[in-house]
Amino acid sequence: MYLNKDIQSAITKFSLLVIILIGGGVYLNSPPALVQPLATLPWLPVAATLGAVALSLKLNQQRILNAALYLLLSQVILFIKPSLLFTDIYQISLVTGMVMALAITLKGKDRSVTIKGIFDGFLLLAFMTVVWMLIGMAIEHFLSSKRQLIELVIYSAVIMYCIYRMLEKPTNNNFIISVIAISHIILIYNHLVATNLTLTFLACLCICLQIADSHNMAYYDELTGIKGRRGLSMDSSNLGTDYTVAMADVDHFKKFNDTHGHEVGDQVLKMVAQKFNRIGGGGKAYRYGGEEFTLLFPGKSPEEAKQYLEEVRLEIEQYPFRIRNTAQRKKSTEEDRNTTESPAQIVQVTVSIGATSPSYQHEKFEKVQSRADELLYEAKHNGRNNVVAKESNFVSES
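Each value, and the rule that gives it
Residues numbered from 1 in each chain as written. Predicted model: local features only at pLDDT ≥ 70, side-chain atom pairs only at ≥ 80, totals over all residues. Heavy atoms only, no water. Buried < 20%, exposed > 50% of the residue type's maximum accessible area, 1.4 Å probe, protein only. Helix = DSSP H or I, 4+ residues; strand = E, 2+ residues; numbered from the N terminus. Pairing = 2+ DSSP bridges. Right-handed = clockwise from strand over helix to strand, strands pointing away. Contact = heavy atoms within 4.5 Å. Salt bridge = Lys/Arg side-chain N within 4 Å of Asp/Glu carboxyl O. Axes fitted to C-alpha atoms, helices over the stretch in contact; angles between N-to-C directions. Core = buried A, V, L, I, M, F, W, Y, C linked by side-chain atoms within 4.5 Å. Parallel < 35°, antiparallel > 145°, perpendicular 65-115°, else oblique. Nonpolar A, V, L, I, M, F, W, Y, C, P; charged D, E, K, R; others polar.

Chemist: How should I be thinking about the pairing of strand β6 (residues 351–356) in this particular structure?
Modeler: Working note: regular strand, side chains alternate between the two faces of the sheet. Most of β6 is tucked away: 6 of the 6 residues are buried. Burial along β6 is two-sided: the residues Val351, Ile353 and Ala355 and Ser352, Gly354 and Thr356 are all buried. In this structure, β6 lies alongside strand β7 (residues 387–389), joined through 3 bridges in parallel fashion. Its bridge partner lying in β7, Ile353 is registered against Val387. As for the winding sense of the linkage, the β-α-β connection from β6 through helix α15 (residues 365–381) to β7 is left-handed.

Next comes the structure, spelled out in structure tokens:
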């Protein structure tokens, strides 16, 4: 049975969550001798966190810098006064507030490092800590000394928040899953080994996120979310001779921009990129530049790839792309907006595609791509909204 990629991602991550919670709980309930030395290495999480701080400053990433500073602050507090290790509901609430602030911060949009950004980060931490402190006080008042139940309520609230974020956006939630597991460790276990493991893991996670962010910025197109030219260059370097490359272009794209504005043009590119990214036949989509896209089909001939290109071309052609009448909406009153729907214009978006394969064993990818580009223009000259796929006359090198 075919499942949407987002659903597959959510199922995979929920399965990972169960493994982390069960495995982590069993593991830390009786830490093996291998991890016991961590109790005598309080500098380990500090060193990892300082590394995360230095890397975030170097890469100019505000959100991860704030997260690393949260961790550093918690380590300083624990170092100055170790008795703060989970002795009452207020300290549990403090830790929970930090976990929530971490989750919110790392799920936000990244910005350049500024003093104001650091200040705003600590305001968020203070706010979340106060909120959870009040919740903790209320729970303690009504539940008296039932500490285990108090922990369970707070822990459940953190889980509910994280699950909500996963359902809201099933993709890119590796950190949220980690936060659930971390809150599980922090709230349930009360020994230094678990604390050092948790803080070290969080610091290492921040470093991994920075590396992942840098990779995404280098290889993925920011507007469409699919790989860009650098990603294409890397993926095309080891294709061999058995592949098809296709060049695709949005028809009359300049007219879209001139008539409806660049914002609508961006929405067109996002829609087309989404359709291309879900193409069958093992095809991979890349934004080559402007309104032009590249598609790779490893192990496929142009004739085999053509059926998948035709399918996606037809899917784009039949997609009802709606453009809201923004001018009309600005003129309407607040009362009108509440009683009538904003009129929308439905326009047709089409693409032209040219596809070919290498003509000899060690032909450079750029040459094959150039011939696919020529076929793209042939498709445009044929009236647009069609696919031209031609097999190259493959010859062996002497």
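Chemist: Whenever I open this one, unusual backbone geometry confuses me. Can you help?
Modeler: Trans is the common state for peptide bonds, and a negative phi is the common state for residues other than glycine. At Asn60, a position not held by glycine, the phi torsion is positive, near 60°. Note that Asn60 resides in the loop between α2 (43–59) and α3 (62–80). Despite not being glycine, His252 shows a phi value in the positive range, around 55°. If you trace the backbone, His252 turns up in the loop between β1 (243–250) and α10 (253–260).

Chemist: How do you make sense of the environment of Ile316 when you look at a structure like this?
Modeler: Relative to the assigned elements, Ile316 resides in helix α12 (residues 302–318). Separated by 32 residues in sequence, Ile316 and Gln348 place their C-alpha atoms 8.4 Å apart. Apart from residues lying up to four places away in sequence, Ile316 is in contact with Met271, Val272, Lys275, Phe276, Val349, Thr350 and Val351.

Chemist: How should I be thinking about the pattern of salt bridges in this particular structure?
Modeler: Any two side chains of opposite charge can pair if their charged atoms end up close together. If you walk through the whole model with that rule in mind, you get 11 salt bridges. With a shortest N-O distance of 2.9 Å, Asp249 and Lys380 are connected by a salt bridge. Of the two residues, Asp249 sits in strand β1 while Lys380 sits in helix α15, which places them 131 residues apart along the sequence. Across the pair, exposure class does not vary: Asp249 and Lys380 are buried alike. A single salt-bridge network, built from bridges that share partners, covers Asp249, Asp251 and Lys380.

Chemist: In this structure, what is going on with the sheet that holds β7? I would like to understand it.
Modeler: As a general point, the strands of a sheet are linked pairwise by backbone hydrogen bonds and lie either parallel or antiparallel. One open sheet accounts for 5 strands, arranged β2-β3-β1-β6-β7; its pairing is mixed. The open sheet is flanked by β2 (284–289) and β7, the only strands paired with a single partner. Neighbouring strand axes in the sheet, compared pairwise and without regard to direction, differ in orientation by 20° on average. The pairing of β1 with β6 spans 6 bridges and is classified as antiparallel. The residue bridging Val245 from the neighbouring strand is Thr356, located in β6. Together, β1, β2, β3 (292–298), β6 and β7 form the strand contacts of α15, whose direction differs from that of β6 by roughly 140°.

Chemist: Help me understand the pairing of β2 in this model?
Modeler: Bridge count between β2 and β3: 5 bridges; the pairing is antiparallel. Across the sheet, the residue bridging to Ala285 is Leu295, located in β3. The turn linking β2 back onto β3 is made up of 2 residues, and Gly290 within it adopts a positive phi angle of 60°.

Chemist: Help me understand the nonpolar core in this model?
Modeler: Grouped burial of nonpolar side chains is what soluble globular proteins tend to show. Counting 31 residues, the largest nonpolar core has Val272 and Phe276 as its most contacted members. For this core, the secondary-structure elements that each account for two or more residues are β1, α10, α11 (262–277), β3, α12, β4 (321–324), β6 and β7. Considering each element in turn, this core owes the most residues, 7 residues, to α11. What Val272 contacts, discounting residues up to four positions off in sequence, is Val250, Phe293, Ile316, Val349 and Val351. With 23 residues, the next largest nonpolar core counts Ile64, Ala68, Met98 and Leu125 among its residues.

Chemist: Is there a simple way to think about the packing of α10 against α11 in this case?
Modeler: For any two helices packed against each other, the geometry is given by the interaxial angle and the distance between the axes. The geometry of α10 relative to α11 is characterised by a closest axis approach of 7 Å and an angle of 140° between their N-to-C directions. Between α10 and α11, the angle is such that the two are oblique. Across the interface between the two elements, Phe253, Phe256, Asn257 and His260 from α10 touch His262, Val264, Gly265, Val268 and Leu269 from α11. Here the contact of α10 with α11 is composed, by residue class, of 5 nonpolar, 4 polar and no charged.

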